[in-house]
Amino acid sequence: MSIILGALAGWIAEKVMKFDTGLIMNIVLGIVGALVGNFLLGLVGVGLGGWLGQLIVAIIGACVLIYVYRLIKANQG
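Reference entry: report on the structure contained in this document. (Residues numbered from 1 in each chain as written. Predicted model: local features only at pLDDT ≥ 70, side-chain atom pairs only at ≥ 80, totals over all residues. Heavy atoms only, no water.)

### Describing a nonpolar patch on the surface
At step 1: A grouping of Phe 39, Leu 40, Leu 43, Val 44, Val 46, Leu 48, Trp 51, Leu 52, Ile 56 and Ile 60 is seen on the molecular surface, where their side chains present a nonpolar patch of about 990 Å² in accessible area.
At step 2: Of the residues forming the nonpolar patch, the biggest block, 4 residues, is contributed by helix 3 (residues 50-76).
At step 3: Counting through the fold element by element, Leu 43 comes out in helix 2 (residues 23-43).
At step 4: By relative accessible area, which is 59% here, Leu 43 ends up exposed. (Patch = residues over 30% accessible without salt bridge, like charges linked within 9 Å, V, L, I, M, F, W, Y side chains within 5 Å. Areas by Shrake-Rupley, 256 points an atom, 1.4 Å probe, with all protein chains shown as cover. Salt bridge = Lys/Arg side-chain N within 4 Å of Asp/Glu carboxyl O. Helix = DSSP H or I, 4+ residues; strand = E, 2+ residues; numbered from the N terminus. Buried < 20%, exposed > 50% of the residue type's maximum accessible area, 1.4 Å probe, protein only.)

### Quick look at the packing of aromatic side chains
At step 1: According to the stated counting rule, one finds 1 aromatic pair in the structure shown.
At step 2: On the numbers, 5.6 Å between centres and 70° between planes, the contact of Phe 19 with Tyr 69 is edge-to-face. Here Phe 19 is found in the loop between helix 1 (2-17) and helix 2, whereas its partner Tyr 69 is found in helix 3, with 50 residues between them in sequence. (Phe/Tyr/Trp six-rings, centres within 6.5 Å; stacked < 30°, edge-to-face > 60°.)

### Some thoughts on the nonpolar core
At step 1: In this structure, Ala 9, Ala 13, Met 17, Leu 55, Ile 59, Cys 63 and Ile 66 are the most contacted members of the largest nonpolar core, which totals 13 residues.
At step 2: Elements that contribute at least two residues to this core include exactly helix 1, helix 2 and helix 3.
At step 3: Discounting residues that sit within four places of it in the chain, Ala 13 has contacts with Ile 59, Ala 62, Cys 63 and Ile 66. (Core = buried A, V, L, I, M, F, W, Y, C linked by side-chain atoms within 4.5 Å. Contact = heavy atoms within 4.5 Å.)

### A word on the packing of helix 1 against helix 2
At step 1: Interaxial distance between helix 1 and helix 2 falls to 6 Å at its minimum, and their mutual angle equals 100°. Judged on the interaxial angle alone, helix 2 and helix 1 are roughly perpendicular. Mapping the contact onto sequence places Ser 2, Ile 3, Gly 6, Ala 7, Ala 9, Gly 10, Trp 11 and Glu 14 in helix 1 and Asn 26, Ile 27, Leu 29, Gly 30 and Ile 31 in helix 2.
At step 2: The class makeup of the residues in the contact of helix 1 with helix 2 is 7 nonpolar, 5 polar and 1 charged. (Axes fitted to C-alpha atoms, helices over the stretch in contact; angles between N-to-C directions. Parallel < 35°, antiparallel > 145°, perpendicular 65-115°, else oblique. Nonpolar A, V, L, I, M, F, W, Y, C, P; charged D, E, K, R; others polar.)

Here it is in structure tokens:
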């Protein structure tokens, strides 16, 4: 279920951020995004339960990852 949820979250984040990736990268973005999102929301004391809450957290985390990636790429060139 985590892989499916991660793939869905990565795909949604890809569309929101207009970042073109493939299926495997969507899965990675979604799963790592879920970890990042849970960590960031945990810092401010927010927790979302259930699969829908975790999907939202994963999307937020994946968008943050894409944003940070773009910042790093922009500062390298």
